[in-house]
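Breakdown of the fold
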Amino acid sequence: MELSSKKRSFRDRVMIFKTEPDKKAGRRQRILYYLWQYGMLALTSICLGALLLIFAHGDYSWRGFLGYFTSPAILLFNILPVFVLVFLFYGITGRAWVSFLTGGIISSVLPLANYYLLAFRDDTLRFEDITLIREAAAMVSEQHYDLFIDLRVTALILALFAGTLFLLFFVRHKEKWVPCRVITAVLPIVIFACAVPSYFDDELYSSVQNYDHFNQWSETHEYI
């Protein structure tokens, strides 16, 4: 028995790292276990959402990037979609690492497209650009543009890799109770649906402009 216990990995000895809470665990231990599982998934989602802001300002001043963090509204608007997608996929798959990787990749598409548009055309991504399928295909196939991987793109790839590995090894719980998974998937969608009108509120949008670091008379800067 002693030899067997020595062979047990660190993750198998610490309850919050196990795939299931101990059967003999008390109420507080179980609460701590599930707080770790959902809390770490939420934290990695928030960190990824904040990281994606590095693509918002293109090659303009990094002071503008830091200025995003002075506005809770800007942070909320940019982090919420990542949070929703990650928890949506957690409800579907029940696996933290799968949901983070899948939701993270999907969440990165529009910020990356915006980043490349700023680099190639000094323009930001808008709704009408999303509908330009041919232009998007041209960018991807490099018919018109040479896509590049710089430090920012590398940082995103490393963040996705590191977050996925962390969740794979230390957030191992697989939720099997279907009602819980349904709630986990549906609740963030409901919250996001309630927040959608705010994304199209011109008055609110104008109130969170980062004009301390960008030119309010520039059409491009207006959307950065």
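This text goes with the structure placed above it.
What you are looking at is a predicted structure, and each value in this text was computed from that prediction instead of being measured.

Here is what the cut-offs are and how they apply
Residues numbered from 1 in each chain as written. Predicted model: local features only at pLDDT ≥ 70, side-chain atom pairs only at ≥ 80, totals over all residues. Heavy atoms only, no water. Helix = DSSP H or I, 4+ residues; strand = E, 2+ residues; numbered from the N terminus. Polar contact = N/O pair within 3.5 Å; in protein donor to acceptor, adjacent residues only side chain to side chain. Axes fitted to C-alpha atoms, helices over the stretch in contact; angles between N-to-C directions. Parallel < 35°, antiparallel > 145°, perpendicular 65-115°, else oblique. Left-handed = near helix turned anticlockwise from the far one by under 90°. Contact = heavy atoms within 4.5 Å. Nonpolar A, V, L, I, M, F, W, Y, C, P; charged D, E, K, R; others polar. Salt bridge = Lys/Arg side-chain N within 4 Å of Asp/Glu carboxyl O. Buried < 20%, exposed > 50% of the residue type's maximum accessible area, 1.4 Å probe, protein only.

1. Some points on the side chain of Asn114
Summarising the element assignment, Asn114 is placed in helix α6 (residues 96–121). Only 3.4 Å separates the side chain of Asn114 from the backbone oxygen of Phe55, close enough to count as a polar contact.

2. Topic: the packing of helix α5 (residues 72–93) against helix α10 (residues 178–199)
One can describe the packing of α5 onto α10 by two numbers: an axis separation of 8 Å at closest approach and a directional angle of 155°. Considering their axes alone, α5 and α10 lie roughly antiparallel with respect to each other. The hand of the α5/α10 crossing is left-handed. Contacts between α5 and α10 involve Leu76, Phe77, Leu80, Pro81, Val84, Phe87, Leu88, Tyr90, Gly91, Ile92 and Thr93 from the first element and Arg181, Thr184, Ala185, Pro188, Ile189, Phe192, Ala195, Ser198 and Tyr199 from the second. When grouped by side-chain class, the residues that make up the contact of α5 with α10 number 15 nonpolar, four polar and one charged.

3. Digging into the pattern of salt bridges
Counted according to the given criterion, the structure contains one salt bridge. A salt bridge links Lys18 to Asp22; the nearest nitrogen and oxygen atoms lie 2.8 Å apart. The class for Lys18 is buried, based on a relative accessible area of 15%. For Asp22, a relative accessible area of 30% puts it in the partly exposed group.

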